[in-house]
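These are the residues of each chain, in order.
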Amino acid sequence: MRNRNRSRRGVTLLEVVIAVTLLSLLTLGMFIAMRVGFNTFGKTQTRLMENRRVAGAQRVLQSELEGLMPVMSGCGTQAGPPARFGFFQGEPDRMRMVSTFSLEQGWRGQPQILELLVIPGEERGVRLVVNEIPYTGPLSVAQLCVGIGEKGPMFTPISANAKSFVLADQLDHCRLSYLGMGEKPSDPGLWKPRWAEKGWPFSIRVEMAPLAADPSRLQPANITAPIYLIRSTEYVYADK
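Let us look at the structure shown here. Here the structure is a predicted model, which is why all the values come from computation and not from measurement.

Conventions used here
Residues numbered from 1 in each chain as written. Predicted model: local features only at pLDDT ≥ 70, side-chain atom pairs only at ≥ 80, totals over all residues. Heavy atoms only, no water. Disulfide = S-S within 2.5 Å. Helix = DSSP H or I, 4+ residues; strand = E, 2+ residues; numbered from the N terminus. Buried < 20%, exposed > 50% of the residue type's maximum accessible area, 1.4 Å probe, protein only. Salt bridge = Lys/Arg side-chain N within 4 Å of Asp/Glu carboxyl O. Polar contact = N/O pair within 3.5 Å; in protein donor to acceptor, adjacent residues only side chain to side chain. Contact = heavy atoms within 4.5 Å. Phe/Tyr/Trp six-rings, centres within 6.5 Å; stacked < 30°, edge-to-face > 60°. Lys NZ or Arg CZ within 6 Å of the ring centre and 35° of its normal. 1 Å grid on protein atoms, 1.4 Å probe; cavity = no way out; pocket = protein on both sides within 12 Å on 5 of 7 lines; lining within 4 Å. Points joined across faces, edges and corners; volume = space filled by probe spheres on them. Nonpolar A, V, L, I, M, F, W, Y, C, P; charged D, E, K, R; others polar.

A full pass over the atoms with the stated rule returns 1 disulfide. One disulfide in the model links Cys75 with Cys145; its S-S distance is 2.0 Å. Since a negative S-S torsion denotes a left-handed disulfide, the Cys75-Cys145 link at about -85 degrees is left-handed. Of this pair, Cys75 sits in the loop between strand E1 (72-73) and strand E2 (85-86) while Cys145 sits in strand E7 (residues 145-149), and the two are 70 residues apart along the sequence. With respect to class, Cys75 is no different from Cys145; both count as buried.

So this is what it looks like as structure tokens:
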């Protein structure tokens, strides 16, 4: 009788329910842990991509400014004398220049006419955008000039479009300034909010500040780009 009772022993229904419940709790715990881990990984990845985007835009802007190409041109449809000037437009919220750096091809690309513009943000604050127009010769920049005034050449307005590239967004402010000669040759250079001199500045500065400071994120920083390629506007150069 004892052997027969032993052969009939097994797992009761209550034990099965307890085992299934414990397994379900264990599975749920693992799922929650994995979900928390994936969410943390996703946030870290998003933060890393945002930091890379900010750093990349800073490097692009620095390269564009340092790649300034001194171009001589006429004003209007005539690319030659007498209204010949050094192509550069510098104002506190906009700038035009020719650069040897291209967004798509870097330093190996075709020179571009750059148009930097500070515009309002989508909700609040401001953003800095850039337009690139292929530079095909002095006539391509002469068409952007509408006349020569007392303070130098006057240019057509700059406007943002669907192809504009956002260099910095969600900014409290963004200001451009330009380093020129002081009052005396022995004086240090003087930063000016508007460029109204012949030729090109010695350096270009972009001052930016975010709307809200966040120590955990990479913030847009001020950029000061020295201009190395300078030539005199008193001599006639042949652009090839």
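Moving on to the pattern of salt bridges. Scanning the entire structure with this criterion turns up 6 salt bridges. For the salt bridge of Arg127 with Glu122, the shortest nitrogen-to-oxygen distance reads 3.7 Å. Overall, the relative accessible area of 13% leaves Arg127 in the buried class. Classification of Glu122 by relative accessible area gives exposed; the value is 71%.

Next up on the list: the side chain of Ser140. Of note, Ser140 is situated in helix H3 (residues 138-142). A polar side-chain atom of Ser140 sits 2.5 Å from the main-chain carbonyl oxygen of Gly137. Those residues within four positions of Ser140 in sequence are excluded, and the remaining contacts are Ile113 and Tyr135.

A few words on the packing of aromatic side chains. If you walk through the whole model with that rule in mind, you get 5 aromatic pairs. Ring geometry for Phe85 versus Phe155: centroids 6.1 Å apart, planes at 70 degrees, classification edge-to-face. In this pair, Phe85 is assigned in strand E2 and Phe155 in strand E8 (residues 152-155), connecting sequence segments 70 residues apart. Seen from their ring centres, Phe88 and Trp195 are 6.5 Å apart, and the 85 degrees between their planes marks the pair as edge-to-face. Separated by 107 residues along the polypeptide, Phe88 in the loop between E2 and strand E3 (89-91) and Trp195 in the loop between strand E10 (190-192) and strand E11 (203-210) bring together distant segments of the chain. For the pair Phe88 and Trp195, one class covers both residues: buried. Cation over ring: Arg205 sits above Trp191, and NZ or CZ is 4.1 Å from the ring centre.

Next up on the list: the layout of surface pockets. As a volume, the largest pocket reaches approximately 760 Å³. In terms of lining residues, the largest pocket is bounded by 28 residues, among which Val54, Ala168, Asp169, Gln170 and Pro220 are the most central. Looking at the lining of the largest pocket, the elements that each hand over two or more residues are helix H2 (13-66), strand E9 (165-180) and E11. A class-by-class count of the residues in the lining of the largest pocket yields 14 nonpolar, 5 polar and 9 charged.

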